[in-house]
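An overview of the molecular structure
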Amino acid sequence: MTQPRILVTGATGRVGGAVVSQLHAAGVPVRALVRGEADFPEGVHAVRGDLGDPASLDAALEGIDSVFLVWPFLSAEGASDVIEAIRKQARRVVYLSSAGVGSEEKPGEVITMFHTELERQIEASGLEWTGLRPTGFASNTLGWARQIRTTGAVRAPLARLARPLIHEADMAAVAVKALTTDALLGARPLITGLELITQERQVALIGEAIGRPVRFEEIALDEAVEQMKAEGYPPELVETVLPAQAAMLDNPEPVNDEVERITGTPARSFREWAVDHAADFR
């Protein structure tokens, strides 16, 4: 069987980068879409292109069979042109969606609404498709790195918020399965981390990984909203994300074994993720 030729978007990001690495390690021809300079292992072909400029994708897509699509915007504007560009040259798209995606009738919160629309457009495109629906990304805790390095503490709301944060390597392993086999065609697997871990415990595990204690200092939601706005987050995003997270205190995300079922290997724990990324917090 001829190996597929795969284009990875978001190739310099955490998940896309892990997809590139795993495909390359498996000997699968992989092309990495980048907007600027980027370093990849020998054998990975980096090509210039921008999802915000669909016309720039033609050369990157030439000869490509499958695309791993990471959408970098908070709206679906322009997505139809990108999907059409993919459809003209490839046969399959694996889309990194979200566990919080809604439906056409109930499109969800601002932060997941665009996922709902992209899933709909991809399904209607005639492409073979898979929509990966991960829970929260473990890598989002890198947003605490500066505080941990400078103060040894994390000031944030919702100490008891427990989520099954998923390692980017596990998302990538599921994506590779979808890109290189037919096992997940037309599927929208919900993929989760190994277990529910509170934010307070996440901080403690990061401290263990870096070899020094790290405190969690809980602040009120109102203070957190203002803090995030001051850091430049869009107000409509801030005012949606934090209430949604607060709602998870009583209705946490599910935990399942889909990563193991699909890949044959159990999902990595948050402790493992913290060890893998200890250098980012030191």
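Parameters and conventions
Residues numbered from 1 in each chain as written. Predicted model: local features only at pLDDT ≥ 70, side-chain atom pairs only at ≥ 80, totals over all residues. Heavy atoms only, no water. Axes fitted to C-alpha atoms, helices over the stretch in contact; angles between N-to-C directions. Helix = DSSP H or I, 4+ residues; strand = E, 2+ residues; numbered from the N terminus. Parallel < 35°, antiparallel > 145°, perpendicular 65-115°, else oblique. Left-handed = near helix turned anticlockwise from the far one by under 90°. Contact = heavy atoms within 4.5 Å. Nonpolar A, V, L, I, M, F, W, Y, C, P; charged D, E, K, R; others polar. Salt bridge = Lys/Arg side-chain N within 4 Å of Asp/Glu carboxyl O. Buried < 20%, exposed > 50% of the residue type's maximum accessible area, 1.4 Å probe, protein only.

What follows is about the packing of helix H1 (residues 14-25) against helix H6 (residues 168-180). Each packed pair of helices is defined by two parameters, the angle between the axes and the distance between the axes. The N-to-C vectors of H1 and H6 enclose an angle of 55°; their axes lie 8 Å apart at closest approach. On the basis of their axis angle, the class for H1 and H6 is oblique. Here H1 and H6 pass one another in a crossing that is right-handed. Residues Arg14, Val15, Ala18, Val19, Gln22 and Leu23 of H1 form the contact with H6, whose participating residues are Glu168, Ala169, Met171, Ala172, Ala173, Ala175, Val176, Leu179 and Thr180. Looking at side-chain class alone, the contact of H1 with H6 contains 11 nonpolar, 2 polar and 2 charged residues.

Following the criterion strictly, the structure yields 20 salt bridges and no others. For Glu37, the salt bridge goes to Arg48, with nearest N and O atoms at 2.8 Å. Of this pair, Glu37 sits in the loop between strand S2 (30-34) and strand S3 (45-48) while Arg48 sits in strand S3, and the two are 11 residues apart along the sequence. By the burial criterion, Glu37 is exposed, and Arg48 matches it. A salt bridge links Glu239 to Lys229; its shortest N-O distance comes to 2.7 Å. In this pair, Glu239 is assigned in helix H9 (residues 235-247) and Lys229 in helix H8 (residues 221-230), connecting sequence segments 10 residues apart. Glu239 gets classed as partly exposed once you look at its relative accessible area, which sits at 46%. The network of salt bridges with shared partners includes Arg91, Arg92, Glu128 and Asp182.

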